[in-house]
Amino acid sequence: MENLLISLLPKEQYSILVRYFATLLIVAVATLLRLSLDDELQHYPMLLFIPAVFLSALLFDRGSGFFATVVSAATVSSDSEKAISVTTRTPRWNVSLRRPRRSSRP
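So, how was this worked out
Each chain has its residues counted from 1, following the order in which its sequence is written. Where totals are concerned, whole chains, interfaces and linings use all residues; where local detail is concerned, this predicted model gives features only for residues with pLDDT of at least 70, and gives and counts side-chain atom pairs only at 80 or more. Values shown for side chains rest on all heavy atoms present in the structure; no hydrogens or waters enter the calculation. Pairing of aromatic side chains here covers Phe, Tyr and the six-membered ring of Trp, requires ring centres within 6.5 Å, and sorts the geometry by plane angle: under 30 degrees stacked, over 60 edge-to-face, intermediate tilted. Comment: elements are numbered from the N terminus, with helices defined as DSSP H or I runs of at least four residues and strands as E runs of at least two. For the exposure calls, accessible area comes from a 1.4 Å probe over protein chains only, and a residue counts as buried if that area is under 20% of its type's maximum, exposed if over 50%, partly exposed in between. A score between 0 and 100, pLDDT records how confident the predictor is in each residue. Inter-axis angles, ranging from 0 to 180 degrees, are taken between N-to-C directions of lines fitted to C-alpha atoms, where helices are fitted over the stretch in contact. By the definition adopted for this analysis, an angle is roughly parallel if under 35 degrees, roughly antiparallel if over 145, roughly perpendicular if from 65 to 115, and oblique otherwise. In this scheme the handedness of a crossing depends on how the near helix is turned from the far one: anticlockwise by less than a right angle means left-handed, clockwise means right-handed. Any two residues whose heavy atoms approach within 4.5 Å at even a single point are treated as in contact. Ten residues, namely Ala, Val, Leu, Ile, Met, Phe, Trp, Tyr, Cys and Pro, are considered nonpolar, four, namely Asp, Glu, Lys and Arg, are considered charged, and the remaining ones, Gly among them, are considered polar.

Looking at the packing of aromatic side chains
Right, so step 1: One pass over the structure, following the stated rule, counts 2 aromatic pairs.
Right, so step 2: Relative to Phe60, the ring of Tyr14 has its centre 6.3 Å away and its plane inclined at 70°; by these criteria the two rings are edge-to-face. With Tyr14 in the loop between α1 (2-8) and α2 (16-36) and Phe60 in the loop between α3 (49-59) and α4 (62-78), this residue pair connects regions lying 46 residues apart in the sequence.
Right, so step 3: By relative accessible area, Tyr14 is classed as partly exposed at 37%.
Right, so step 4: Seen in terms of ring centroids, Tyr20 and Phe67 are 5.0 Å apart; in terms of plane orientation they differ by 20°. Their pairing is stacked. A residue pair is termed long-range when its members are at least 10 positions apart, and Tyr20 in helix α2 and Phe67 in helix α4 qualify at 47 residues.

Observations regarding the confidence of the model for the chain
Right, so step 1: Mean pLDDT over the chain works out to 81, with 75% of the residues at or above the 70 mark.
Right, so step 2: Highest mean pLDDT in the chain belongs to α2 (94); lowest belongs to helix α5 (residues 80-87) (51).

Some remarks on the packing of α3 against α4
Right, so step 1: Contact geometry of α3 with α4 gives a least axis separation of 7 Å together with a crossing angle of 160°. Compared by their axis directions, α3 and α4 come out roughly antiparallel. For the crossing formed where α3 meets α4, the hand is right-handed. For the pair formed by α3 and α4, the contact residues are Phe49, Val53, Ser56 and Ala57 on the first element and Ser64, Gly65, Ala68, Thr69, Ser72, Thr75 and Val76 on the second.
Right, so step 2: Classifying every residue of the contact of α3 with α4 gives 5 nonpolar, 6 polar and no charged.

Remarks on the packing of α2 against α3
Right, so step 1: Between α2 and α3, the least distance of the axes is 9 Å, while the angle of their chain directions is 165°. Classified by the angle their axes make, α2 and α3 are roughly antiparallel. Crossing handedness for the pair α2 and α3: right-handed. Taken together, the residues of α3 that come into contact with α2 (itself represented by Thr23, Ile26, Val27, Ala30, Thr31 and Arg34) are Phe49, Ala52, Leu55 and Ser56.
Right, so step 2: Looking at the contact of α2 with α3 residue by residue, the classes come out as 6 nonpolar, 3 polar and 1 charged.

Observations concerning the side chain of Thr23
Right, so step 1: Topologically, Thr23 is positioned in helix α2.
Right, so step 2: For Thr23, a relative accessible area of 0% translates into the label buried.
Right, so step 3: If we ignore the near neighbours within four places in the chain, the residues touching Thr23 are Ser56, Phe60, Ser64, Phe67 and Ala68.

Given below as structure tokens:
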């Protein structure tokens, strides 16, 4: 498996403009895929962005991985209504603590 990953790595390093543009393109494809699967992935808004971050970091470098992470997070948080509805759920049960009653016995 390690040899397969090493063979997939690029032999030369691309310019920074090419790396960041390709990273932006990878995240854009993940965004379009996320929008097309909106109903199925409504509780997992970041699921499709994890492979995009991994792929851009693997193909280019660590900086491209950080850039993909920031762009992915900004993309998910731009739809703030859905992001808030996923994180704030009402509990189905409540727990309350009461003081113990004092007994009338001496």
